[in-house]
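Structural features, examined
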Amino acid sequence: MSTFGHYFRVTTYGESHCKSVGCIIDGVPPGMKLDESDIQTQLSRRRPGQSRLTTPRNEKDLVKIQSGTEFGVTLGTPIGMLVQNEDQRPHDYTEMDLYPRPSHADYTYQVKYGIKASSGGGRSSARETIGRVAGGAIAEKFLREAYGVEIVAFVSAVGSVSLKRDPTDPEFLSLLNTITREQVDDAVPVRCPVPECAEKMIKVVEEMKAKNDSIGGVVTCVIRNAPVGLGEPVFDKLEAELAHAMLSIPATKGFEIGSGFAGTTIPGSQHNDPFFKDPETGKLRTKTNNSGGIQGGITNGENIYFSVAFKPPATISQVQQTATYDGTDGSLAAKGRHDPNVVPRAVPIVEAMASLVLMDAVMAQLARQGSKQLLPQLN
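Here goes a summary of the coordinates provided. (Residues numbered from 1 in each chain as written. Predicted model: local features only at pLDDT ≥ 70, side-chain atom pairs only at ≥ 80, totals over all residues. Heavy atoms only, no water.)

**As for the sheet that holds strand 7 (residues 79-84)**
Reading across from one edge, 1-2-3-7-4 is the order of the five strands in this open sheet, with antiparallel pairing throughout. On the outer flanks of this sheet lie strand 1 (3-4) and strand 4 (63-65), each paired with one strand and no other. Contacts from helix 3 (residues 129-147) reach strand 2 (9-13), strand 3 (20-26) and strand 7, with the element oriented near 35° to strand 3. (Pairing = 2+ DSSP bridges. Helix = DSSP H or I, 4+ residues; strand = E, 2+ residues; numbered from the N terminus. Contact = heavy atoms within 4.5 Å. Axes fitted to C-alpha atoms, helices over the stretch in contact; angles between N-to-C directions.)

The structure is reproduced here in structure tokens:
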């Protein structure tokens, strides 16, 4: 469906080549300062045409708040936001009337609904994520102002070029503790904050682009200063909600949190995160963080960190042997303007979905705590 969240609910609308895309957000707390500038920064980081490594589709992606605020303050009522589609080229997709693109959603949408958008990717297009990013920007503003939460994503792999994502590696842990969005954006066009890796990643994408091909990659995200106690066992554990959120993003194929799959090779005696009392705060913390900041589905106050795998974009201009909708063999060289690699533009989308998950979990916990405080105190 097109709605995400329980307490903080975001409903997105729009297709790749319709008049506009956007969202309705329900559950925004009243009394928070908010205008378009709070949202535009993240949308501009997501927009196409940012560099030579992204699609040349020229969209400004300027957001307009339609409802839910007055004099720059949230009213607590639904917030509607709209972004115009301005650079559609439906004529680039005439061949796709005959051929479903290999590994794209053309065929499955046609089978499921009996009809599909005649151009672009319809709802499966990355244009849909504009609503997510807009909603996530509002959630993140609340989290930052209320709790000091920091959410930063970055590109950690393109093809076989990868950072070392090892929770026992001091350099990786230092990166998670200190990385900022400014550092990530300084690494445009690939948004990898390690210069020697970034240079290799750029070469890989440029090689794929020259061959009319594409390549996948990985986005890693860290959430700092998340409140302790977030997550709703058993089915809505926080890592389960994060996995749900991340795997709903177009082109995602994998998710891991903390030590992830590599953690399966480590003995429990080495993988366990021992506790200690923080002398500054007096609170329990863990000496290591193989758990990725979540234990039993509930945040423990340590950094939450996870990685999301993105497949190579399906739409490529290279000739592919395939079949038409009626099963006739043929070849397709897709036209249009498409990313040879999506991970640099996926960075703010991952941040947005992380914000939405955390905001929903915060509101669930606040509701529980508020209800408890109304009861007589137990002796």
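**Regarding the sheet that holds strand 11 (residues 252-257)**
Sheet architecture is open: five strands sit in the order 9-8-10-16-11, paired in antiparallel fashion. The strands lining the two open edges of the sheet, one partner per strand, are strand 9 (161-162) and strand 11. By the bridge criterion, two bridges tie strand 8 (residues 150-158) to strand 9 in an arrangement that is antiparallel. Its bridge partner lying in strand 9, Ala 157 is registered against Ser 162. On top of the sheet, helix 6 (residues 195-210) reaches strand 8 and strand 9; it is set at about 60° to strand 8, its chief contact.

**Some remarks on the packing of aromatic side chains**
Aromatic ring pairs are defined here through the distance separating the ring centres and the angle between the ring planes. Following the criterion strictly, the structure yields three aromatic pairs and no others. Look at Phe 172 and Tyr 305: their rings are 6.0 Å apart centre to centre, the planes differ by 75°, and that puts the pair in the edge-to-face class. One end of the pair, Phe 172, is in helix 4 (residues 170-178); the other, Tyr 305, is in strand 16 (residues 304-310), with 133 residues separating them in the sequence. Comparing Phe 172 with Tyr 305 shows no difference in burial state: the two are buried. Considering the side-chain rings of Phe 255 and Phe 306, the 5.6 Å spacing of their centres and the 35° angle between planes classify their relative orientation as tilted. (Phe/Tyr/Trp six-rings, centres within 6.5 Å; stacked < 30°, edge-to-face > 60°. Buried < 20%, exposed > 50% of the residue type's maximum accessible area, 1.4 Å probe, protein only.)

**Thoughts on the environment of Ile 138**
Examined against the element boundaries, Ile 138 turns out to sit in helix 3. The class of Ile 138 is buried, set by a relative accessible area of 1%. Beyond its immediate sequence surroundings of up to four residues, Ile 138 is in contact with Phe 8, Ile 25, Val 28, Met 32, Leu 34, Ile 39, Ile 79 and Met 81.

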